[in-house]
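Structural features, examined
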Amino acid sequence: MLIRDLKYEFKSSKKYLLFIFAISFIFLLDSIVNNKNPIEYYLLVISRDMGMVYDLRDFVLPFAWLIFHLLPIFSILDIIYKDHNNNGIYIMLKAKGKREYFFSKLIASSLLISCIFVSIIIMFNLVYYIVGGIKSADVINLVRIFISYLLEDLVLLHIGLLIAIILSERISLVVILINLCIAMFTNLKFIIGQGSLVMKQDIFGGEFTFGFNILVIITYICIYLILIYLFSPKYNYYGSKND
């Protein structure tokens, strides 16, 4: 079951993966052309946000932050949701139970998103070794931000998938967008997305620590796993469509 979901999701997401890597490469190329430290350039220029929100008059749209959240989540969510609607009734015949069905998709999507961000981190670090002159602290800061991207995307994707299956895909996308907007425009600590807004982190003068961000993620993951464990045996998902 897991092997099948992995193959299906990787095959269906190729064009999205290429687009994400192309954007990451453009970010790197832009820094090299401008003779800038690529990691520092990404953190302080390309992914710059307004930091702790006290006055919206000077709001800065975190463009890179939105791309690295919206593109992986929306693309993979759409792939899994369509697979669920189109092939669920056939896949169920091979599954040992509903929990295996749900957790297989959970693990497969987690591995896919992990591959995306691990690959991007490796790409940046290769440039670090090739270009040189980059402080190790910059690398640590970059890894911290991308770990936050990865974990936040996992939580938002899985919560979005659960909402899509129960209600509809459109509603799940709206919920994710509302969550990200709240993260951008407020300082609410338990909103997913705060941990990857660069200027809100303590290393750049903000109030969010890496330890607190991880605690928030773990809390959401525990709640989600409990919900999916209790919900999955009761759900009749044989190809039903909410949209």
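Parameters at a glance
Residues numbered from 1 in each chain as written. Predicted model: local features only at pLDDT ≥ 70, side-chain atom pairs only at ≥ 80, totals over all residues. Heavy atoms only, no water. Patch = residues over 30% accessible without salt bridge, like charges linked within 9 Å, V, L, I, M, F, W, Y side chains within 5 Å. Areas by Shrake-Rupley, 256 points an atom, 1.4 Å probe, with all protein chains shown as cover. Salt bridge = Lys/Arg side-chain N within 4 Å of Asp/Glu carboxyl O. Helix = DSSP H or I, 4+ residues; strand = E, 2+ residues; numbered from the N terminus. Expected span 1.5 Å × (residues − 1). Buried < 20%, exposed > 50% of the residue type's maximum accessible area, 1.4 Å probe, protein only. Arc of directions from axis to C-beta. Phe/Tyr/Trp six-rings, centres within 6.5 Å; stacked < 30°, edge-to-face > 60°. Bend = angle between axes of the 7 residues up to and from the residue. pLDDT = per-residue confidence, 0-100. Lys, Arg positive; Asp, Glu negative; His and termini not counted. Contact = heavy atoms within 4.5 Å. Axes fitted to C-alpha atoms, helices over the stretch in contact; angles between N-to-C directions. Parallel < 35°, antiparallel > 145°, perpendicular 65-115°, else oblique. Left-handed = near helix turned anticlockwise from the far one by under 90°. Nonpolar A, V, L, I, M, F, W, Y, C, P; charged D, E, K, R; others polar.

So, about a nonpolar patch on the surface. On the surface, Ile166, Leu167, Ile171 and Val175 cluster together to form a nonpolar patch covering roughly 310 Å² of accessible area. With respect to the helices and strands, Ile166 occurs in helix α6 (residues 136–166).

We now examine helix α8 (residues 210–231). Across its 22 residues, α8 extends 31 Å between first and last C-alpha, which sits within 8% of the 32 Å expected from 1.5 Å per residue. Within α8, the full set of buried residues consists of Asn213, Val216, Ile217, Tyr224, Ile228 and Phe231. Angularly, the buried residues of α8 cover 95° about the axis, an arc narrow enough to put them on a single face. Exposed positions of α8 whose direction lies more than 90 degrees from the buried face are Ile226 and Leu230.

Per the stated rule, a full pass over the model turns up six salt bridges. Between Arg144 and Asp202 there is a salt bridge, with its nearest N and O atoms 2.9 Å apart. Residue Arg144 is located in helix α6, and its partner Asp202 is located in the loop between α7 (169–185) and α8; the two are separated by 58 residues in the primary sequence. Given the relative accessible area of 36%, Asp202 is considered partly exposed. Each member of the salt-bridge network shares a partner with another, and the members are Arg4, Asp5, Asp83 and Lys105.

A few words now on the packing of aromatic side chains. Applying the stated rule across the entire model yields 11 aromatic pairs. Ring plane angle 80° and centroid distance 5.6 Å describe the contact between Tyr101 and Phe102, whose orientation is recorded as edge-to-face. Phe102 matches Tyr101 in its accessibility class, with the two residues each being buried. Seen in terms of ring centroids, Phe190 and Phe212 are 5.5 Å apart; in terms of plane orientation they differ by 70°. Their pairing is edge-to-face. In this pair, Phe190 is assigned in the loop between α7 and α8 and Phe212 in helix α8, connecting sequence segments 22 residues apart. A relative accessible area of 22% means that Phe212 is categorised as partly exposed. Clustering of aromatic rings is evident, with ring pairs tying together Phe68, Phe117, Phe146 and Tyr149.

To continue, consider helix α4 (residues 63–91). At Asn85, α4 shows its strongest bend, of approximately 50°. Counted residue by residue, α4 has 21 buried out of 29 residues, so it is predominantly covered.

Bringing the environment of Leu18 into the picture now. With respect to the helices and strands, Leu18 occurs in helix α2 (residues 14–33). Each C-alpha atom, one on Leu18 and one on Ile116, is 9.9 Å from the other, the two residues being 98 residues apart in sequence.

Mean pLDDT over the protein stands at 83; residues scoring 70 or higher make up 93%. Across the protein, the secondary-structure element scoring lowest on mean pLDDT is helix α3 (residues 38–46), at 73, and the one scoring highest is α7, at 94.

With respect to the helices, strands and loops of the structure, Glu152 is situated in helix α6. The side chain of Glu152 is buried and forms no salt bridge, while Arg144, the nearest opposite charge, is found at 9.5 Å. Beyond its immediate sequence surroundings of up to four residues, Glu152 is in contact with His69, Ile192, Gly193, Gln194, Gly195, Ser196 and Ile217.

Turning next to the packing of α6 against α8. α8 packs onto α6 with a crossing angle of 25° between their chain directions and a minimal axis gap of 10 Å. In terms of orientation, α6 and α8 fall into the roughly parallel class. Two packed elements cross with a definite hand, and for α6 against α8 that hand is left-handed. Taking contact as the criterion, the partners of Arg144, Ile147, Ser148, Leu151, Glu152, Val155, His158, Ile159, Leu162 and Ile166 in α6 are, on α8, Phe210, Asn213, Ile214, Ile217, Tyr220, Ile221, Tyr224, Leu227, Ile228 and Phe231. When its residues are assigned to classes, the contact of α6 with α8 shows 15 nonpolar, three polar and two charged.

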